[in-house]
Amino acid sequence: MIKEIYLAGGCFWGVEAYFKNLEGVLETEVGYANGLTEETSYRELSRTDHAETVRVVFDDDEIDIETILEYLYYIIDPFSIDKQGNDMGRQYRTGIYATDKDILEEAKEFIDKKQAEADRKIQVEVESLKHFISAEEYHQDYLDKNPTGYCHVNLSDVPEF
């Protein structure tokens, strides 16, 4: 079955590049989620409080939601507040957003399980998707277009889960 989830893991360039190469991921799109307004742009993020987010469309017969969440957890610092890699600011907060209540419940259970194993508070938001605004075209597939662009994610480090 085809499903979608919205993942905020810091700068969306690397998160998109990482997820679009996973077996079972059918489509990715970078954008802005869960801010204060229905519209925004890259230049307005500090005012509108949106998170840089990647829409991930996947075939759950090939990759299940828990595996997707494991990959997100692997590439982020789940304890960091508003910072991933060298990027700092509210737009780089981490989050898991969905419109599907089952996916949202699985995400909450996943984070609860990780929290039980952790010695610090996990700072990953898990919320219903309020809105998703597609980012400007130059941000889509950015690292394909700019292979030397900065990325806080090690794109070659893809463990088996």
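Scroll up a little and you will see the structure.
All of the points below concern the structure found in this document. (Residues numbered from 1 in each chain as written. Predicted model: local features only at pLDDT ≥ 70, side-chain atom pairs only at ≥ 80, totals over all residues. Heavy atoms only, no water.)

**Details of the environment of K3**
1) Next: Secondary-structure assignment places K3 in strand β1 (residues 2–9).
2) Next: Looking at K3, the relative accessible area reads 22%, which means it is partly exposed.
3) Next: Taking the C-alpha atoms as reference points, K3 and Q91, 88 residues apart in sequence, are found 25 Å from one another.
4) Next: The contact partners of K3, leaving out residues within four places of it in the chain, are V56, V57, F58, D60 and I103.
5) Next: One polar contact links K3 to D60, side chain to side chain, over a distance of 3.1 Å. (Helix = DSSP H or I, 4+ residues; strand = E, 2+ residues; numbered from the N terminus. Buried < 20%, exposed > 50% of the residue type's maximum accessible area, 1.4 Å probe, protein only. Contact = heavy atoms within 4.5 Å. Polar contact = N/O pair within 3.5 Å; in protein donor to acceptor, adjacent residues only side chain to side chain.)

**Considering the packing of aromatic side chains**
1) Next: In the structure shown here, the tally under the stated rule is eight aromatic pairs.
2) Next: Plain terms: the ring middles of Y18 and F19 are 5.9 Å apart, the flat faces sit at 70° to each other, and that makes the pair edge-to-face.
3) Next: Each ring, one from Y73 and one from F110, has its centre 6.0 Å from the other, and the planes form 80°; the classification is edge-to-face. Taken as a pair, Y73 in helix α3 (residues 65–75) and F110 in helix α4 (residues 101–117) lie far apart in primary sequence, 37 residues in all. Each member of the pair, Y73 together with F110, is buried.
4) Next: An aromatic cluster of at least three residues, connected via ring pairs, comprises Y18, F19, Y71, Y74 and F161. (Phe/Tyr/Trp six-rings, centres within 6.5 Å; stacked < 30°, edge-to-face > 60°.)

**Description of unusual backbone geometry**
1) Next: The backbone of D49 sits at a positive phi, close to 65°, despite the residue not being glycine.
2) Next: You can see D49 is positioned in the loop between α2 (45–48) and β3 (51–59).
3) Next: Residue D49 is classed as buried on the basis of its relative accessible area of 18%.
4) Next: Notably, D141 is not glycine yet its phi reads approximately 55°, a positive angle.
5) Next: Mapped onto the elements, D141 comes out in the loop between β8 (132–134) and α5 (142–145).

**Regarding the packing of helix α1 (residues 12–20) against α3**
1) Next: At a minimum axis distance of 11 Å, the contact between α1 and α3 shows a crossing angle of 140°. Between α1 and α3, the crossing angle belongs to the class labelled oblique. At the point where α1 passes α3, the crossing takes the right-handed sense. From α1, V15, Y18 and F19 reach across to α3, where they touch I68, Y71, L72, Y74 and I75.
2) Next: Classifying every residue of the contact of α1 with α3 by side-chain character gives eight nonpolar, no polar and no charged. (Axes fitted to C-alpha atoms, helices over the stretch in contact; angles between N-to-C directions. Parallel < 35°, antiparallel > 145°, perpendicular 65-115°, else oblique. Left-handed = near helix turned anticlockwise from the far one by under 90°. Nonpolar A, V, L, I, M, F, W, Y, C, P; charged D, E, K, R; others polar.)

**Remarks on the pairing of β3**
1) Next: Burial of β3 is extensive: nine of the nine residues sit out of reach of the surface.
2) Next: Alternating residues of β3 divide into A51, T53, R55, V57 and D59 and E52, V54, V56 and F58, and every residue in both groups is buried.
3) Next: Two strands pair when backbone bridges link them, and β1 and β3 are joined in this way by six bridges, in the antiparallel orientation. For I2, the partnering residue across the bridge sits in β3 and is D59. (Pairing = 2+ DSSP bridges.)

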